[in-house]
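Spelled out, the chains give:
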Amino acid sequence: MTPSAEVSASPYAIEGSRVVKKYGDLTAVDAMDFTVKRGEVFGLLGPNGAGKSTLMRMIYCRTPLTSGSLLVEGWDVGQDQKKIKALVGVVPQENNLDPDLNVIENLIVYARYFRIPSQQAQTLAEDLLAFVNLGDKKHTGVEALSGGMKRRLIVARALMNGPKLLVLDEPTTGLDPHVRHDLWDRLRELRRRQITILLSTHYLEEAEQLCDRLIIMDQGKILASGKPKELIQRNVSNFALEIHEMDGQKPVVSHPEVTSETHGTTHYYFASSLELLTPLMNQYPHHQSLLRPANLEDVFLKLTGRSRLE
Amino acid sequence: MWSCPLRQIDWFDALAVWRRNYDVNLRLWKAEVFPPLLEPTVSILAFGWGIGSLIAAELLEMPYLTFVAAGILVVTGVVRAILECTYGAYFRMVYQSTYDAILSTPIGVESLGAGEILWGASKAAFDSLLIMLILLAFGVLHSPMSILIPLVILLGATGLASIAFAYTVSISSIYQYNYFIALAFSSLWICGAYFPIDRLPLALQYLSWSLPITSVVSLSRGLMTGRLDSWSLLQAVWILISSLVFADLALRRLAKRMYR
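Everything numeric here is computed off the predicted structure, so don't read it as measured data. (Residues numbered from 1 in each chain as written. Chains lettered and ligands numbered in written order. Predicted model: local features only at pLDDT ≥ 70, side-chain atom pairs only at ≥ 80, totals over all residues.)

### Quick look at the overall build of chain B
Each helix and strand counted, chain B has 12 helices and 0 strands in total. When its helices and strands are written in sequence order, chain B yields α-α-α-α-α-α-α-α-α-α-α-α. By the compact-globule yardstick of 18 Å for 260 residues, chain B fits well, its C-alpha radius of gyration being 19 Å. With respect to the three principal axes, the spread of C-alpha positions in chain B is 60 × 40 × 35 Å. Classification of the 260 residues of chain B by burial places 47% in the buried group. (Helix = DSSP H or I, 4+ residues; strand = E, 2+ residues; numbered from the N terminus. Rg over C-alpha atoms; globule rule 2.2 N^0.38 Å. Buried ≥ 20, exposed ≤ 12 C-beta atoms within 10 Å, placed from the backbone.)

Rendered as structure tokens:
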């Protein structure tokens, strides 16, 4: 069976329609509609338990859908698992490198699962180890690698089958900033090679830096979707003012174009220009405050905070 | 609709899973191959010569050394298969997340399970082959049909490895093995490995013959001495059927755990 002509011509790497996943009474993914275009970096943002990992597991055929439809490169995740898995590279949230094998054996044994001939696997493994800067660690045991090296090795492993779609579930969680930036560079390089990348993350800066488009989700539902800059413009504004240690006080809205949010003991004010915010800052000379461009974190806090309250 | 997980196995994929374990073992071959063979070999000779000297050969229609050699050969293999598919498999599944990594590739859950079970069974057959080489030197193998014993052990161990694997993928804590190991190792004492089953009370005799391992011991002994009859054929069929049923069960349990 081949994907229908209509589907093959589709510009989408992933098409989800009314995707639902239930575990007993818990609805982990709740009727999600979304599409990921070929060659783009698509982000999934959301707090812990939002359903990001479940959605990803459904995309790489590790978890069946309860209902709805999900196509990956035109193939149905319920019917064509083997074909989809051959096209997808997976970087899971937890390190699952094989501790019984050394660095290069991890790649070569993995290649066997894709039926890559051993000579080709050897060459490919050496190239990919060079790509992730682990060329000199070929024969090192996996346990002897640092956290960052393990992550890089997993990325190399996910690329062994020459995937069209790379799925990364919180790839930089727990890594130091150097390693994180290094990994971002690799991902940008992969984007240049036209590999579609689906990425979940807690780091809003990461999403802003890497993602062409993203969705913010919570409790299995999409709260907002679009390009990072558009999301910021649409949901907050160009600039943000933070005023800290405002225990028990309510935000004061001085102008119709200024909006406000409270998270913990911090007040956030948003406006399209700095001039609208500076008078507010001056009202609280004894509080620590910060005037800055609005960012994705503001959108995230606003949307997920509201969704949690509801 | 009823579907048989055995038919979902892609044998090429199962072989890739098997080879992963083979490669790891090859790295550790000095520790993996020789030490596990020492104890069964010594026990066969010790039982055979020691207890054998107290038993009149005509009671068993064969020297006790031969009688017990077939038993210990099977028990050693089965224990090996059980350990591979309990603690070995549990470590790979839970602590090393090896199954998670494998299932992110085109390998299906049934092929993964088949590779793991066959690994346990083939290790049992391989161990028995090595022990048989030693037994050959001591003149314990009386019939050329002995060459078929590793095959019988492979088939029988597939069933026992499957039971062990089905248990492994059904538990949530490694401590739950205490129940399984207690039952499995107890059954080894009434499977006819060390003494003829007809010495047991009738109820225990029925229980013993219901255990597939009893047929594996009996058939292996038949091959070792060249004494086979129609009863042997029935035993072979029972070993085959029980292995298929247990493998089917194990693959269903694995799918339930890994694909949800």
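Picking up where we left off.
### Digging into the overall build of chain A
Across its full length, chain A holds 11 helices and 14 strands. Each of the three principal axes of chain A carries a C-alpha extent, and together these read 70 × 45 × 35 Å. Considering only contacts in chain A between residues 6 or more positions apart, those separated by 24 or more positions represent 69%. (Contact = placed C-beta atoms within 7 Å.)

### Section: the interface of chain B and chain A
Opposite the 19 residues of chain B that make contact, chain A presents 20 residues. Only helix 1 (11-27) and helix 6 (98-103) of chain B provide two or more residues apiece to the side of chain B that touches chain A. Each residue belonging to the side of chain B that touches chain A can be placed in one class, and the counts come to 8 nonpolar, 6 polar and 5 charged. (Nonpolar A, V, L, I, M, F, W, Y, C, P; charged D, E, K, R; others polar.)

### A closer look at the sheet that holds strand 13 (residues 266-271) of chain A
Residues and elements named next belong to chain A. The strand order 12-13-11-14 describes an open sheet built from 4 strands, whose pairing is antiparallel. Of all strands in the sheet, those bounded by a partner on one side alone are strand 12 (259-263) and strand 14 (289-293). Across the sheet, the mean angle separating the axes of adjacent strands is 20 degrees when strand polarity is ignored. In the sheet, strand 11 (residues 239-243) pairs with strand 14 via 5 bridges, with the strands oriented antiparallel. By the bridge assignment, L241 is partnered in strand 14 with L291. (Pairing = 2+ DSSP bridges. Axes fitted to C-alpha atoms, helices over the stretch in contact; angles between N-to-C directions.)

### A word on the sheet that holds strand 2 (residues 26-37) of chain A
In sheet architecture, strand pairing relies on hydrogen bonds along the backbone and comes in two forms, parallel and antiparallel. All names here are of chain A. Spatial ordering of the open sheet is given by 2-1-4-5, a layout of 4 strands whose pairing is antiparallel. Where the open sheet ends on each side, the last strands, each with one partner, are strand 2 and strand 5 (75-76). The pairing of strand 4 (residues 67-72) with strand 5 spans 2 bridges and is classified as antiparallel. Its bridge partner being in strand 5, V72 is matched across the sheet by W75.

### Some remarks on the confidence of the model for chain B
Mean pLDDT over chain B: 93, with 98% of residues reaching 70 or higher. The ipTM for the predicted assembly is 0.91, set against a pTM of 0.91. (pLDDT = per-residue confidence, 0-100.)

### What to know about the domain arrangement of chain A
Split by domain assignment, chain A resolves into domain 1 (5-227) and domain 2 (237-293). The gap between the C-alpha centroids of domain 1 of chain A and domain 2 of chain A is 38 Å. (Domains from an automatic or database assignment.)

### Considering the packing of helix 3 (residues 35-50) of chain B against helix 7 (residues 109-137) of chain B
Residue and element names in this part refer to chain B. Where helix 3 contacts helix 7, the axes come no closer than 10 Å and their chain directions differ by 45 degrees. One finds that helix 3 runs oblique with respect to helix 7. Considering the relative orientation of helix 3 and helix 7, their crossing is right-handed. Contacts between helix 3 and helix 7 involve P36, L37, P40, T41 and I44 from the former and D127, L130, I131, I134 and L135 from the latter. (Parallel < 35°, antiparallel > 145°, perpendicular 65-115°, else oblique. Left-handed = near helix turned anticlockwise from the far one by under 90°.)

### Structural notes on the pairing of strand 10 (residues 221-226) of chain A
All names here are of chain A. Pairing between strand 9 (residues 213-218) and strand 10: 5 bridges, direction antiparallel. Opposite M217, over in strand 10, you have I222 as the bridge partner. The turn linking strand 9 back onto strand 10 is made up of 2 residues, and Q219 within it adopts a positive phi angle of 50 degrees.

### Points about helix 12 (residues 230-258) of chain B
Residue and element names in this part refer to chain B. With 29 residues, helix 12 extends 42 Å from end C-alpha to end C-alpha; this agrees with the ideal 42 Å at 1.5 Å per step. When helix 12 is considered as a whole, its buried residues turn out to be Q235, I239, S242, S243, F246, A247, A250, L251 and L254. Residues of helix 12 that are buried in the fold lie against helix 7, helix 8 (149-168) and helix 11 (212-225). (Expected span 1.5 Å × (residues − 1).)

### Regarding unusual backbone geometry
Glycine aside, negative phi is the norm for most residues, and most peptide bonds take the trans geometry. All names here are of chain A. With phi around 50 degrees, A31 is a residue other than glycine that occupies positive phi space. C-beta crowding within 10 Å serves as the criterion here: with 15 such atoms nearby, A31 is assigned to the partly exposed category. Backbone geometry places Q194, a non-glycine residue, at a positive phi of 70 degrees. Within the fold, Q194 resides in the loop between helix 7 (177-192) and strand 8 (196-201). Exposure remark for Q194: the 10 C-beta atoms within 10 Å place this residue in the exposed category.

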